[in-house]
Amino acid sequence: MHKLNVRQICFWLAAALPVSRLIVYPATLSFRAGNDLLWPALWNLIAEGTVLLLLLLLARRTRRTFFGLLRERAGEAAARMTALLLALFFALAAVLPLLEQRGFVLQILYENVPSFLSFAPLFALLLFAGAQSLRALGRTMDIALPIFALCFMILLLLALPDADFSALLPVFGRGMGEQARTALFSLPWYMGAPCMLCFVGNFEYKEGCAKKVLLAYAIGAAATLSFLAVFYAVFADISFLQHNALAQISKYATALTPLGRIDLLFVIGLTLVLVISVCVPVRLCVHCLGEAFGGPRALHAAIVSILLLGVTVLLNPAFREAQTFLSERMWPVFALFGYGLPLLAALFLREKKAHRSHGIEGKTPRKDLSAADRTRAPSPETGRTLRAENRH
């Protein structure tokens, strides 16, 4: 069995997913929403959490994967076509995180900006991650959570003395229309629902699973909102200039003056979590290609890694244009696959009762014995007699 553990999904939602929103996203929100940046983020988090809840209800009622349910309801051709479209979507969704991490690594972790070749080994890691099972990817989440919890808390504590939360006032200064537009343009950073759609059927649903997963998501959402609040409280009107927010938020800490920028140690720790987070859409892209065409997983992983390497090299000098295009032009695509498809799957895909192999809470029902089996099966009286004979 190569299924994910529920614990690993919880760790992904609480650590790897939030950290992917802490590089360029805070500055982008500040540019479009100003001191109201928390509200568009909150709306997106609530919408994503609602779709996750519906997908958990779907997982509660079936052991089949999304593609298995689709084959049963719409046929093999529809399932393969949907898998191909989802693979293209996950490849598109991986472009912005890769471009963000490229700028982050080359600008923050090197004293002098090196060539792109310094970032290229990441794609070899993506190739390796894409060729592994989902369970192997899930094991990295066991590493991600403790690193994220320690480094994230220390960075926030270093930044708090310089934070002035009155900068977040007055509320709704930009108007509801601008906030709604900001929420739509932020959709490329909200990939939890389509990833969970592919996880349906690939983890064992047990009693209380939904509560654990939603609690983990709430912790990740609280971490995201806390970071955004402290970030704007530190930088206020110049926050939209602070790209690579993860490394910028604590740079004014007074404790760093005699010791140097020790906060970079914790930034490097979170960089490891960033690498784990970008592996998720790449691995799911490989998974969808396997559902669409079959064939060896390593071949699909190589194709995806080479494709993403080429796109990253092509867009290397044009990050701002790529970000604008993906967020302002392609947001309907992210809305369709990020919310529309998971929502439709959760509401309309249900496994038929005849095919269910477990109860509502994931408990395996006892199989009924045939007439011959009942004849061969020992009665309680026979069992007691045999045990008494064995004792003698």
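S.K.: Before we go on, may I ask you to explain the overall build of the chain in this structure?
M.R.: In terms of helices and strands, the chain carries 18 helices and 0 strands. With 392 residues in all, the chain has 50% of them scored as buried. Of all intrachain contacts in the chain linking residues separated by at least 6 positions in sequence, the fraction that spans at least 24 positions is 84%. For the chain, the exposed surface amounts to about 18400 Å²; the carbon and sulfur share of it is 66%.

S.K.: What should I look at first to understand the environment of Val-311 in this one?
M.R.: By the secondary structure assignment, Val-311 is in helix H14 (residues 297-315). Accessibility expressed as a relative area gives 26% for Val-311, which makes it partly exposed. Sequence separation between Val-311 and Leu-98 is 213 residues, and the spatial gap between their C-alpha atoms is 9.8 Å.

S.K.: What is the right way to read unusual backbone geometry from this model?
M.R.: One can expect most non-glycine residues to show negative phi and most peptide bonds to be in trans. Cis geometry marks the peptide bond from Leu-169 to Pro-170, where omega comes out at -5 degrees. Inspection of the secondary structure assignment puts Pro-170 in the loop between helix H7 (134-159) and helix H8 (176-185). Although it is not a glycine, Asn-244 sits at a positive phi angle of roughly 60 degrees. Of note, Asn-244 is situated in the loop between helix H10 (209-235) and helix H11 (245-248).

S.K.: Any chance you could explain the side chain of Ser-133 here in plain terms?
M.R.: Relative to the assigned elements, Ser-133 resides in the loop between helix H6 (121-130) and H7. On the accessibility criterion, Ser-133 (13% relative accessible area) is buried. Beyond its immediate sequence surroundings of up to four residues, Ser-133 is in contact with His-2, Arg-283 and Arg-297.

S.K.: Can you walk me through helix H1 (residues 6-19) in this structure?
M.R.: The periodicity of an α-helix, 3.6 residues per turn, causes residues three or four positions apart to be oriented the same way. End to end, H1 covers 20 Å across 14 residues, agreeing with the expected 20 Å (1.5 Å per residue, within 8%). The sharpest bend along H1 measures roughly 40 degrees and falls at Trp-12. Within H1, 13 of the 14 residues are buried, which leaves the element mostly enclosed by the surrounding structure. At the N-terminal boundary of H1, the capping side chain belongs to Asn-5, with an oxygen 2.8 Å from the backbone nitrogen of Arg-7.

S.K.: Sorry if this is basic, but what is going on with the side chain of His-300 here?
M.R.: Position of His-300 among the secondary structure elements: in helix H14. With sequence-adjacent residues up to four places away left out, His-300 is seen in contact with Val-286, Leu-289, Gly-290, Phe-293, Gly-294 and Gly-295.

S.K.: Sorry if this is basic, but what is going on with a nonpolar patch on the surface here?
M.R.: Side chains of Phe-31, Ile-238, Phe-240, Leu-241 and Tyr-252 sit close together on the surface and give an oily, nonpolar patch of about 520 Å² of accessible area. The residue Phe-240 is located in the loop between H10 and H11 in this model.

Criteria and thresholds
- Residues numbered from 1 in each chain as written.
- Predicted model: local features only at pLDDT ≥ 70, side-chain atom pairs only at ≥ 80, totals over all residues.
- Heavy atoms only, no water.
- Helix = DSSP H or I, 4+ residues; strand = E, 2+ residues; numbered from the N terminus.
- Buried < 20%, exposed > 50% of the residue type's maximum accessible area, 1.4 Å probe, protein only.
- Contact = heavy atoms within 4.5 Å.
- Areas by Shrake-Rupley, 256 points an atom, 1.4 Å probe, with all protein chains shown as cover.
- Expected span 1.5 Å × (residues − 1).
- Bend = angle between axes of the 7 residues up to and from the residue.
- Polar contact = N/O pair within 3.5 Å; in protein donor to acceptor, adjacent residues only side chain to side chain.
- Patch = residues over 30% accessible without salt bridge, like charges linked within 9 Å, V, L, I, M, F, W, Y side chains within 5 Å.
- Salt bridge = Lys/Arg side-chain N within 4 Å of Asp/Glu carboxyl O.

On their own, these measurements won't tell you what the molecule is for.
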